[in-house]
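Listed below are the residues making up each chain.
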Amino acid sequence: MEVIVAEHAGFCFGVTKAVEKVYEQIGKKDNIYTYGPIIHNETVVSDLEKKGVKVIGSEDELDDIKEGTIIIRSHGIKKDIYEKIQQKNLEYIDATCPFVKRIHKIVDEESQKGKTIIVVGSADHPEVEGIVSYANGPVFVIESPKEAAEFQIDQGTEICLVSQTTFNYNKFKETVEIFQSKGYNINIVNTICNATEERQTEAERIASQVDVMIVIGGAHSSNSRKLYEICSQKCARTYFIQTLDDLHLDNTKAVKLVGITAGASTPKNIIEEVQNYVRRSII
Ligand code: F3S
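Model, not experiment: these values are computed from the prediction.

Calculation notes
Residues numbered from 1 in each chain as written. Predicted model: local features only at pLDDT ≥ 70, side-chain atom pairs only at ≥ 80, totals over all residues. Heavy atoms only, no water. Near = heavy atom within 4 Å. 1 Å grid on protein atoms, 1.4 Å probe; cavity = no way out; pocket = protein on both sides within 12 Å on 5 of 7 lines; lining within 4 Å. Sits in = over half its atoms within 2 Å of the grid points. Helix = DSSP H or I, 4+ residues; strand = E, 2+ residues; numbered from the N terminus. Nonpolar A, V, L, I, M, F, W, Y, C, P; charged D, E, K, R; others polar. Pairing = 2+ DSSP bridges. Axes fitted to C-alpha atoms, helices over the stretch in contact; angles between N-to-C directions. Contact = heavy atoms within 4.5 Å. Points joined across faces, edges and corners; volume = space filled by probe spheres on them. Phe/Tyr/Trp six-rings, centres within 6.5 Å; stacked < 30°, edge-to-face > 60°. Buried < 20%, exposed > 50% of the residue type's maximum accessible area, 1.4 Å probe, protein only. Expected span 1.5 Å × (residues − 1). Arc of directions from axis to C-beta.

Once that is clear, we can look at the site of the ligand. The immediate surroundings of the ligand are formed by Cys-12, Phe-13, Gly-14, Val-15, Ser-74, Cys-97, Phe-99, Thr-165, Cys-193 and Thr-196. When each cavity is represented as a set of grid points, the ligand is found to reside in the largest cavity. The element that contributes the greatest number of residues to the shell around the ligand is helix H1 (residues 13-25), accounting for 3 residues. In the shell around the ligand, the residues fall into 6 nonpolar, 4 polar and no charged.

Shown next, in the form of structure tokens:
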């Protein structure tokens, strides 16, 4: 019996940097805030809360803040929120991942040239809300190949298409092919980040070999949910858990190979805990 742990499991470099930036401020500054939870991981967020880091949950809450340091999380924030923080003269540390910043820049520049922007991603995800806010003209969010098939626009429209950094790579390809088949004047920029692409490709490969696949990630973490979606297509016994407490493996006698992967917001210690537990239970 064997356990395969994905090499690209857990914190990506953007999340690592953002979390480090918050911990660095503790003890140095009073009134530390993050705009929204710094990552989709309750264990990390509650540890930070215990150390005095507060989460700003909405624009109204931001309005009430008079002083302090705000840390902007790795998937970025909306342009108007960013401007509000600056106008209020609040100190801020921008931990937006460079891959996300790049998308903001593309959307800003291409829409200034008069192009219509299409963002392939989940409309209600904060990263996508942030990307959309940088458009200076028409912008659409397409969540699936089905929506791409239904989408209609004047043939002469110049379009620039980008993606949420953590979008499912195969679905992105499928979506792009649909747009291309419609004969639009479209400039496609694959902005899925390398960390996501590697994580998904590896997870898919492992899931297709194992009897049981475990995906560790926050319930609200979009990249973890996508990993689960990818893995469950290859392995019928795929479990999606937040922590070890959620894992209830049954019928382990028939299990020869277990795979483990984790989303970008899963700390190393949780992956290790799960790995140790699985190794103990299947021997
Ligand atoms: Fe950045 Fe990609 Fe992570 S965009 S925050 S490296 S998932």
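With that out of the way, let us pick up the sheet that holds strand S9 (residues 185-188). Spatially, S7-S6-S8-S9 is the arrangement adopted by the 4 strands of the open sheet, whose pairing is parallel. Every other strand in the sheet has two partners, leaving strand S7 (139-142) and S9 as the edge strands with one partner each. Averaged over all pairs of adjacent strands, the angle between their axes in this sheet comes to 25°, without regard to strand direction. Along the sheet face, helix H5 (residues 98-112) touches strand S6 (116-120), strand S8 (158-163) and S9 and points at about 175° away from the line of S8.

Our next topic: empty space enclosed by the protein. Empty pockets left among the atoms are what a rolling probe the size of a water molecule brings to light. The tally for this structure, following the rule as stated, stands at 2 cavities of 30 Å³ or more. Size it by volume and the largest cavity reaches roughly 330 Å³. Surrounding the largest cavity, 26 residues form its lining, Val-15, Ser-74, Thr-166, Asn-223 and Ala-264 being those nearest its centre. Those elements giving two or more residues to the lining of the largest cavity turn out to be H1, H5, helix H9 (194-207) and helix H10 (222-234). No other element matches H9, which puts 4 residues into the lining of the largest cavity. Class assignment of the residues belonging to the lining of the largest cavity gives a composition of 11 nonpolar, 13 polar and 2 charged. Computed from the structure, the second largest cavity encloses a volume of approximately 40 Å³. Looking at the second largest cavity, the residues that line it are Thr-34, Ile-38, Val-45, Leu-48, Glu-49, Val-53 and Val-55. Per-element tally for the lining of the second largest cavity: the top contributor is helix H2 (residues 42-50), with 3 residues. Of the residues belonging to the lining of the second largest cavity, the class tally is 5 nonpolar, 1 polar and 1 charged.

Within this structure, the stated rule accounts for 6 aromatic pairs. Here Phe-151 and Phe-179 contribute two aromatic rings whose centre-to-centre distance is 5.6 Å and whose plane-to-plane angle is 65°, an arrangement assigned as edge-to-face. Of the two residues, Phe-151 is situated in the loop between helix H7 (145-150) and S8 and Phe-179 in helix H8 (residues 169-181); the sequence distance between them amounts to 28 residues. This pair shows no difference in class: Phe-151 is buried, exactly as Phe-179 is.

Moving on, we get to H1. Helix length check: H1, at 13 residues, gives a terminal C-alpha distance of 19 Å against a target of 18 Å (1.5 Å per residue), a fit within 8%. Residues of H1 that are buried: Gly-14, Val-15, Ala-18, Val-19, Val-22 and Gln-25. One side of H1 holds all its buried residues, which, seen down the axis, span an arc of 125°.

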